[in-house]
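# Report on the structure
Okay, here's what each chain looks like letter by letter:
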Amino acid sequence: MVKIQLRARKIYDSKVLKAMRAVPRHMFVPLKYKENAYDDTPLPIGYGQTISQPYIVGLMTELLQVRPEGKYLEIGTGSGYQAAILAAIGASVYTIEIIPESGNQASKVINELGYKKVYYRTGDGYYGWSEESPFDGIIVTAAPDHIPKALLEQLSDQGKLVIPIRNSAGSQTLWLVEKRSGKWVLVNHGSVAFVPFIVSGGDGGESKSPVIHNI
Ligand code: SAH
């Protein structure tokens, strides 16, 4: 998986490659997909959700430039695999899942594997986790149609946000968002296909970020 799906596609960060070698991906997929756990594809994890393709996990983790002592927020715990990758690098991980059954299962697996410093809660990640902010990085693994403003507000000074955004035509782009010299800088990292971001209340209204609309 690491050699063919990651290194051959230019994922070179040794911390990321090491973590992806170490974390047993088969523990995060349902029994009937165990044999396919290391395939070059996303897989269903129940509740209409998916565990991302290994390459996408590698790419998003590399874009975050994870520091082993850093503090990171994930929106969309899903299977828990992405959180385990961040934890395997040594980071503290705060992860939010809107579907309680899915998040509870994920935290069970993460505990069984002994990853410390992973903090889970059920809820709507649209609003982030303000009590624990600021974060060195935030990774969103479901696609909203704009950048939730709360996530920008909860980033540390040099923090990075990695997020798929769905446009009005339905296609999605992966963005790296960083604050540099007081300005938001967005870098396009290509087309992706994530499950939709579930909106629990309202449509964001006035809290919609102007950033994405200014591209
Ligand atoms: N990072 C996951 C990928 C999970 S798929 C993994 O490694 O397996 C995306 C997840 O985002 C789904 O479980 C979905 O329920 C969750 N999600 C969607 N909208 C959300 C929201 N508003 N807040 C929190 N989680 C959300």
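Residues numbered from 1 in each chain as written. Predicted model: local features only at pLDDT ≥ 70, side-chain atom pairs only at ≥ 80, totals over all residues. Heavy atoms only, no water.

### Some details on the overall build of the protein chain
- Summing up its helical and strand segments, the protein chain has 6 helices and 9 strands in all.
- Since a compact globule built from 215 residues should have a radius of gyration of about 17 Å, the 16 Å found for the protein chain is in line with a globular shape.
- With the C-alpha coordinates aligned to their principal axes, the bounding extent of the protein chain is approximately 45 × 35 × 35 Å.
- Look at the contacts in the protein chain between residues 6 or more apart in sequence, and 56% of them connect residues 24 or more apart.
- About 10,200 Å² of surface is accessible on the protein chain, with carbon and sulfur atoms providing 50% of the total. (Helix = DSSP H or I, 4+ residues; strand = E, 2+ residues; numbered from the N terminus. Rg over C-alpha atoms; globule rule 2.2 N^0.38 Å. Contact = heavy atoms within 4.5 Å. Areas by Shrake-Rupley, 256 points an atom, 1.4 Å probe, with all protein chains shown as cover.)

### A short note on the packing of aromatic side chains
- Counted by the stated rule, this structure contains 6 aromatic pairs.
- For the pair Tyr94 and Tyr119, a centre-to-centre distance of 4.7 Å together with 25° between the ring planes defines the contact as stacked. With Tyr94 in strand S4 (residues 92-97) and Tyr119 in strand S5 (residues 118-122), this pair connects stretches of sequence that are 25 residues apart.
- Centre to centre, the rings of Tyr126 and Tyr127 are 5.1 Å apart; their planes meet at 70°, and the pair counts as edge-to-face.
- What makes Tyr127 partly exposed here is its relative accessible area of 44%.
- In textbook terms, an aromatic cluster arises when at least three aromatic residues are bridged by ring pairs, as seen for Tyr94, Tyr119, Trp129 and Phe135.
- One cation-aromatic arrangement involves Arg9 over Tyr55; the distance from NZ or CZ to the ring centre is 5.5 Å.
- Sitting above the plane of the Trp129 ring, Arg121 keeps its charged end 4.9 Å from the centroid. (Phe/Tyr/Trp six-rings, centres within 6.5 Å; stacked < 30°, edge-to-face > 60°. Buried < 20%, exposed > 50% of the residue type's maximum accessible area, 1.4 Å probe, protein only. Lys NZ or Arg CZ within 6 Å of the ring centre and 35° of its normal.)

### Focus on the sheet that holds S5
- Read across the sheet, 7 strands follow the order S5-S4-S3-S6-S7-S8-S9 without closing on themselves; strand pairing throughout is mixed. Both edges of this open sheet fall to S5 and strand S9 (183-192), since each of them pairs with a single strand only. Going across the sheet, the axis of each strand differs from the next one's by a mean of 15°, ignoring polarity.
- Direction of pairing for S4 relative to S5: parallel, over a ladder of 5 bridges. Paired with Thr95 across the two strands is Tyr120, which belongs to S5. (Pairing = 2+ DSSP bridges. Axes fitted to C-alpha atoms, helices over the stretch in contact; angles between N-to-C directions.)

### Examining the pairing of strand S6 (residues 135-140)
- Most of S6 sits out of view: 5 of its 6 residues are buried.
- Relative to S6, strand S3 (residues 71-75) runs parallel, the two being bridged by 4 bridges. Within the sheet, the bridge partner assigned to Glu74 lies in S6 and is Ile139.
- Sheet topology places S6 next to strand S7 (residues 155-166); 4 bridges connect them, and they run parallel. Paired with Ile138 across the strands is Leu161, a residue of S7.

### Comments concerning the site of the ligand
- Within the structure, the ligand sits among 24 residues, and Glu74, Ser79, Glu97, Gly125 and Ile198 are positioned closest to it.
- Within the side chain of Glu97, a nitrogen or oxygen atom sits 2.5 Å from an oxygen atom of the ligand.
- Relative to its unbound accessible area of 580 Å², the ligand is 99% covered by the protein chains.
- More than half of the atoms belonging to the ligand lie within 2 Å of the grid points that define the largest pocket.
- Per element, the largest residue contribution to the shell around the ligand is 3 residues, and it comes from strand S2 (residues 49-51).
- When grouped by side-chain class, the residues that make up the shell around the ligand number 11 nonpolar, 10 polar and 3 charged. (Near = heavy atom within 4 Å. Polar contact = N/O pair within 3.5 Å; in protein donor to acceptor, adjacent residues only side chain to side chain. 1 Å grid on protein atoms, 1.4 Å probe; cavity = no way out; pocket = protein on both sides within 12 Å on 5 of 7 lines; lining within 4 Å. Sits in = over half its atoms within 2 Å of the grid points. Nonpolar A, V, L, I, M, F, W, Y, C, P; charged D, E, K, R; others polar.)

### A closer look at helix H2 (residues 14-22)
- Here H2 has its buried residues at Val16, Leu17, Ala19 and Met20. One side of H2 holds all its buried residues, which, seen down the axis, span an arc of 165°. Across H2 from its buried face, at more than 90 degrees, point the exposed residues Ser14, Lys18, Arg21 and Ala22.
- Taken together, the buried residues of H2 touch helix H1 (2-6), helix H3 (54-64) and helix H4 (81-89). (Arc of directions from axis to C-beta.)

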